[in-house]
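These are the residues of each chain, in order.
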Amino acid sequence: IIVKDMNIVYQGAKDLRCPVPLANAALQQLLTAQAMGLDRQDDSEVCKVYEAITNKPVGTVERDNGGEDLNDVDCEVIGLTGKAGELWNGRRGQIEGYIKQEKRYAVLIENPNTSSHQRVKVRRDNIKIVGGDDDGGGRNNETAETSAKSPSKSLRDRLPLIKRRPINVTVVGIGNIGGGMARALLQSSAIATVTAHDMASDLVTAFHKEARKADKAVSSWPPTHMGEAITENTDIAILTLVNERQCNSVCFGGDAGHNLLSRLSPGSCVILCSTVSAHFARYAKERFASKEIHFVDCPVSGGAARAMSGELTMMASGDEMSLAIAMPILDAAGKEVHLIEGGAGMGQTVKYIHQLLAGVHIVAAAEAFALALQAGLNVQQFYKIVCGAAGHSWMLENRGPRMIGAKEPKVMSMVDIFVKDLGIVSDEARNLKCPIPLASVALQQFTNASALGLGKKDDSQVIRVYARYLS
């Protein structure tokens, strides 16, 4: 059905001479699924195109025990041959479940080459239960220690209890997101002081007035440099900067005494809320750990308004002590706080995959509106129809009015942000050898928009890439 419908889109766009690169990429994936014999299956089975290439199941592992209760049990992989044996033998992981169709167990284990967790499918005789006398043929004598390690509790429930006192916070980067977060923290009783640091002195001065009014300013004057914003009394530094280069400079660059690594005290904590690569998050964690500084990888989503009201979606990862220290901040700034297993870098992994969806949905909306315009539809009516139909997305509903409005929209999120974020998606996918054809097309459209001089415009203005070709 979807192949038929997308063919109609393709033919209609061709007749109207309207470019639809994203729709064409989607059609190619659907045609591949059809060629694999999936044409009579549910359209969600297009995921099997990706499974066939990556050799990794996209769906959730079926929670079958394969005849014995091994779900969530710690194990060691043994007895594999060839390259798989070189990579996985002797490494420990956790059994997710049993895949009936393949008669294999799915084991979640850290890949030593990428430091990311990967699902490995192995036979029962390639599993050795950790902490027991298992010889690969059965589960015997599981110890109390092994049982205690089984993560039956959520990560939040496993966080250590620590003695709380009011926290001194510095927010580095107080643009749309950072400024909103800093103001939300002023409302929290868990926060003693909130200090802002930014290259834009007018933003720092304006926030300092609000902090003084809330009786949460450190001093009677706004800080003019990092030495005044980050002191020995700073408990937590939050980074909300534009890109990885800025984060690296603030954390580790410059002369001694002018970066977070040299200024923060042992036992303090850095919360990285910028969107960067997962590799940088892991690197930063190790650098800060060398000075006994805690680190939480916590990219956010939600926009300026939700930042101001303390209703961001937060994707936090790190070691349990770092997360425990950061929780008052996360709870004050976020409405949905997700703690992600796997350590620093996994928060960024969730975020860049989220950005894949967000970027593709924005470009898909722009492509749809461009085609609707070229076809002579009333786009306001089209917008209302789609918002109540199956083709609806949050991005279409949110960005649509700014795409089809008569006036230049206020910049809520820049085109260049998605050039950066989808660039991270592209780099990470390439490293993981995972195909992302739709995200690649979306990146090209945002890059085209930036090349047209629209990089600082609202990301909804990616629609102008299509407008250039329309009559």
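Residues numbered from 1 in each chain as written. Predicted model: local features only at pLDDT ≥ 70, side-chain atom pairs only at ≥ 80, totals over all residues. Heavy atoms only, no water.

Chemist: Sorry if this is basic, but what is going on with the sheet that holds strand 4 (residues 117-122) here?
Modeler: Where strands meet in a sheet, backbone hydrogen bonds hold them as pairs that are either parallel or antiparallel. Overall, antiparallel pairing links the 5 strands, which are arranged 4-3-2-1-5 in an open sheet. Every interior strand has two partners, whereas the edge strands, strand 4 and strand 5 (127-129), have only one. Geometrically, the sheet is characterised by an average inter-axis angle of 45° between neighbouring strands, direction not taken into account. (Pairing = 2+ DSSP bridges. Helix = DSSP H or I, 4+ residues; strand = E, 2+ residues; numbered from the N terminus. Axes fitted to C-alpha atoms, helices over the stretch in contact; angles between N-to-C directions.)

Chemist: Help me understand unusual backbone geometry in this model?
Modeler: Only a minority of non-glycine residues have a phi that is not negative, and only a minority of peptide bonds are not trans. Within the chain, Arg17 stands out as a residue other than glycine whose phi angle is a positive 55°. With respect to the secondary-structure elements, Arg17 resides in the loop between helix 1 (2-16) and helix 2 (21-38). According to the relative accessible area criterion, Arg17 is exposed, its value standing at 72%. With a phi angle near 60°, Asp215 is a residue other than glycine that sits in the positive phi range. Assignment of secondary structure puts Asp215 in the loop between helix 8 (201-213) and helix 9 (226-229). Its relative accessible area of 68% is what places Asp215 among the exposed residues. (Buried < 20%, exposed > 50% of the residue type's maximum accessible area, 1.4 Å probe, protein only.)

Chemist: Explanation requested: the environment of Phe295 in the structure shown.
Modeler: Summarising the element assignment, Phe295 is placed in strand 10 (residues 294-297). With 22 residues separating them along the chain, Phe295 and Ser317 place their C-alpha atoms 9.0 Å apart. Phe295 has contacts with Cys269, Val270, Leu272, Ala281, Ala284, Lys285, Phe288, Gly318, Ser322 and Ala344, leaving out every residue within four places of it along the chain. (Contact = heavy atoms within 4.5 Å.)

Chemist: Mind showing me how you'd approach the sheet that holds strand 9 (residues 269-272) here?
Modeler: The 5 strands lie next to each other as 7-6-8-9-10, forming an open sheet whose pairing is parallel. In the strand order of this sheet, the two ends are held by strand 7 (191-197) and strand 10, each with one partner. Averaged over all neighbouring strand pairs, the angle between strand axes comes to 20°, with direction disregarded. Where strand 6 (residues 167-172) meets strand 7, 6 bridges bridge the pair, whose relative direction is parallel. Looking at strand 7, one finds that Val169 is bridged to Val194. The sheet contacts of helix 12 (residues 278-289) involve strand 9 and strand 10, and relative to strand 10 the element is tilted by about 170°. Those strands touched by helix 14 (residues 320-333) are strand 6, strand 7, strand 8 (236-239), strand 9 and strand 10, and its axis lies near 65° from that of strand 10.

Chemist: Honestly, the environment of Ile99 in this entry has me stumped. Any pointers?
Modeler: Take Ile99: it is sitting in strand 2 (residues 92-99). Judged by its relative accessible area of 10%, Ile99 is buried.

Chemist: So what exactly am I meant to see when it comes to the pairing of strand 3 (residues 104-110) here?
Modeler: For a regular strand, the rule is simple: side chains alternate between the two faces of the sheet. Where strand 2 and strand 3 come together, 6 bridges link them in antiparallel fashion. Across the sheet, residue Tyr98 finds its bridge partner in strand 3, namely Tyr105. The antiparallel hairpin formed by strand 2 and strand 3 contains 4 residues in its connecting segment, where Lys103 sits at a positive phi of about 55°. By the bridge criterion, 6 bridges tie strand 3 to strand 4 in an arrangement that is antiparallel. When the bridges of strand 4 are listed, Ala106 appears paired with Lys121.

Chemist: Help me understand helix 17 (residues 394-404) in this model?
Modeler: For an α-helix, the turn length of 3.6 residues means that residues three or four places apart are oriented alike. Among the residues of helix 17, Met395, Leu396, Arg399, Gly400, Arg402, Met403 and Ile404 are the ones counted as buried. Where helix 17 is buried, its residues contact helix 15 (346-374), helix 16 (379-387) and helix 20 (463-467).

Chemist: Would you take a moment to explain helix 14 for this structure?
Modeler: Under the 1.5 Å per step criterion, the end-to-end length of helix 14 is 19 Å for 14 residues, consistent within 8% with the ideal 20 Å. Approximately 50° is the largest bend angle found in helix 14, and it occurs at Ala326, with the proline Pro328 only one to four residues beyond. The element helix 14 is extensively covered by neighbouring structure, given that 11 of its 14 residues are classed as buried. Along helix 14, the residues that are buried comprise Ser322, Leu323, Ala324, Ile325, Ala326, Met327, Pro328, Ile329, Leu330, Ala332 and Ala333. (Expected span 1.5 Å × (residues − 1). Bend = angle between axes of the 7 residues up to and from the residue.)

Chemist: For this particular structure, what's the right way to read the pattern of salt bridges?
Modeler: Close approach of charged atoms lets side chains of opposite charge pair. This model, assessed by the stated rule, comprises 18 salt bridges. Residue Lys420 is joined to Asp421 by a salt bridge in which the shortest nitrogen-to-oxygen separation is 2.5 Å. Of the charged contacts, one joins Asp427 and Arg430 as a salt bridge, the two residues approaching to 2.9 Å between their closest N and O atoms. Here Asp427 and its partner Arg430 are both found in helix 18 (residues 415-432), 3 residues apart, which amounts to about one turn of the helix. Since its relative accessible area comes to 37%, Asp427 is described here as partly exposed. The class for Arg430 is exposed, based on a relative accessible area of 52%. Residues participating in the shared-partner salt-bridge network are Glu45, Lys48 and Glu51. (Salt bridge = Lys/Arg side-chain N within 4 Å of Asp/Glu carboxyl O.)

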